[in-house]
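# Survey of secondary and tertiary structure
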Amino acid sequence: MSEATIIHGRRAGQFLSDRTEIARAFRVFRDHCLVVKLQIGTADADFSASILEVTATQFVLEDIRPRTSLPLLRAGTPFSLAARLDGIYGRADELRVVEIGEDRGVPYFVVPLPAQMLYHQRRRAPRFRLPLEGDAARITLHRAERALEGALVDISSGGCRAVFDVVNDPKLAPNEVVARCDINIPNLLVLDVATTIRYHSLSKQTGQLTCGLEFASMALPHRRRLERFIAKLARLSAPA
């Protein structure tokens, strides 16, 4: 996997009040593996956490530090969340934990997305290009009509780009949600994830279909597996 290369993108941010945009902003925090800062109630202390997962209505916090904050969160104490990195800044207030879970002994906290948040300078997650030769990185989209099998071009914490060889136009719908997408990079990464097809392009000359996919949801163990894989690619792509 030493052939992986990194691609960066950027677009401007804004003050957010639309729930879909807020969810995307929280995915930026997640995809950059940011350590977010928490201000819990009137506690005179600095707390931090990581965002593990984001859905259309809520997000999941884990790795809360120091652990003295856990009783406050469990009690439903309102808190603020802020994150900053390379010109990115986001802040949301009046957040509350509504569900507490545990995965392999590690607690996590489910929090509804805020009604509004301050957010500046959105930056997309780094994408890592993957080698296409052989069966190095395979993907299967399980659609109702038929499965599409292809190769991964690049991947990030938030999604991926893939190419499929097709005989007939599969008639993909704009923003089509695929409930099951299998990703298999032998000996490195196996994922089962729901995806949204954000764009697609079919070349009639080559019969090659290119798709940009956004990861819509995945089980927490799969999310941890993906984040570890992305962190490994980041280390391999970093200059010596």
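First things first, this report covers the structure right here in the doc. Everything numeric here is computed off the predicted structure, so don't read it as measured data. Per chain, residue numbering runs from 1 following the sequence as it is written. It should be noted that, the model being predicted, local features are given only for residues of pLDDT at least 70 and side-chain atom pairs only at 80 or more, the latter also being counted only at that level, while totals for whole chains, interfaces and linings use all residues. Only heavy atoms go into the side-chain values, all of them from the structure, while hydrogens and water stay out.

## A few points about the side chain of S80
Secondary structure elements are taken from DSSP: a helix is a run of H or I of four residues or more, a strand is a run of E of two residues or more, and numbering for both begins at the N terminus. Within the secondary structure, S80 is located in strand 5 (residues 79-85). Each polar contact in these results corresponds to two N or O atoms within 3.5 Å; when the atoms are within protein, one needs to be able to donate a hydrogen and the other to accept it, and residues that are neighboring in sequence are counted only if both atoms are side-chain atoms. For S80, the side chain forms a polar contact with the side chain of R91, separated by 3.4 Å. Polar side-chain contacts of S80 include one of 2.7 Å to the side chain of D93. With residues up to four places along the chain from it excluded, the contact list for S80 reads K37, L38, Q39, R91, A92, D93 and E94. In this description, contact between two residues means that some pair of their heavy atoms is separated by no more than 4.5 Å.

## Remarks on the layout of surface pockets
For the second largest pocket, the calculated volume is near 250 Å³. Taken together, R30, C33, S50, I51, L52, E62, D63, R223, R224, E227, R228 and A231 form the lining of the second largest pocket. The set of elements that each furnish at least two residues to the lining of the second largest pocket consists of strand 3 (47-54), strand 4 (58-65) and helix 3 (220-237). Looking at the lining of the second largest pocket element by element, the count peaks at five residues for helix 3. Residue polarity follows a fixed list, in which Ala, Val, Leu, Ile, Met, Phe, Trp, Tyr, Cys and Pro are nonpolar, Asp, Glu, Lys and Arg are charged, and the others, Gly among them, are polar. Looking at the lining of the second largest pocket residue by residue, the class counts come to four nonpolar, one polar and seven charged. Cavity and pocket criteria rest on a 1 Å grid covering protein atoms alone: a 1.4 Å probe that fits but cannot get out defines a cavity, protein on both sides within 12 Å along at least 5 of 7 lines defines an open pocket, and an atom within 4 Å of a point defines a lining residue. Grid points are joined across faces, edges and corners, and a volume is the space filled by probe spheres set on the points.

## Here we look at the pairing of strand 16 (residues 208-218)
Relative accessibility thresholds used throughout: buried, under 20% of the residue-type maximum; exposed, over 50%; partly exposed, between the two (1.4 Å probe, protein chains only). With respect to burial, strand 16 is a largely interior element, eight of its eleven residues being buried. The criterion for strand pairing is that DSSP finds at least two bridges linking the strands in question. Two elements, strand 13 (residues 159-165) and strand 16, share seven bridges in a ladder whose sense is antiparallel. If you follow G159 over to strand 16, its bridge partner there is E214. Of the pairings in the sheet, the one linking strand 15 (residues 189-203) to strand 16 comprises ten bridges and is antiparallel in character. Pairing of S203 across the sheet is with Q208, part of strand 16. Counting the residues in the hairpin turn of strand 15 and strand 16 gives four residues, including G207, whose phi is positive at 70°.

Read these as geometric descriptors, not functional statements.
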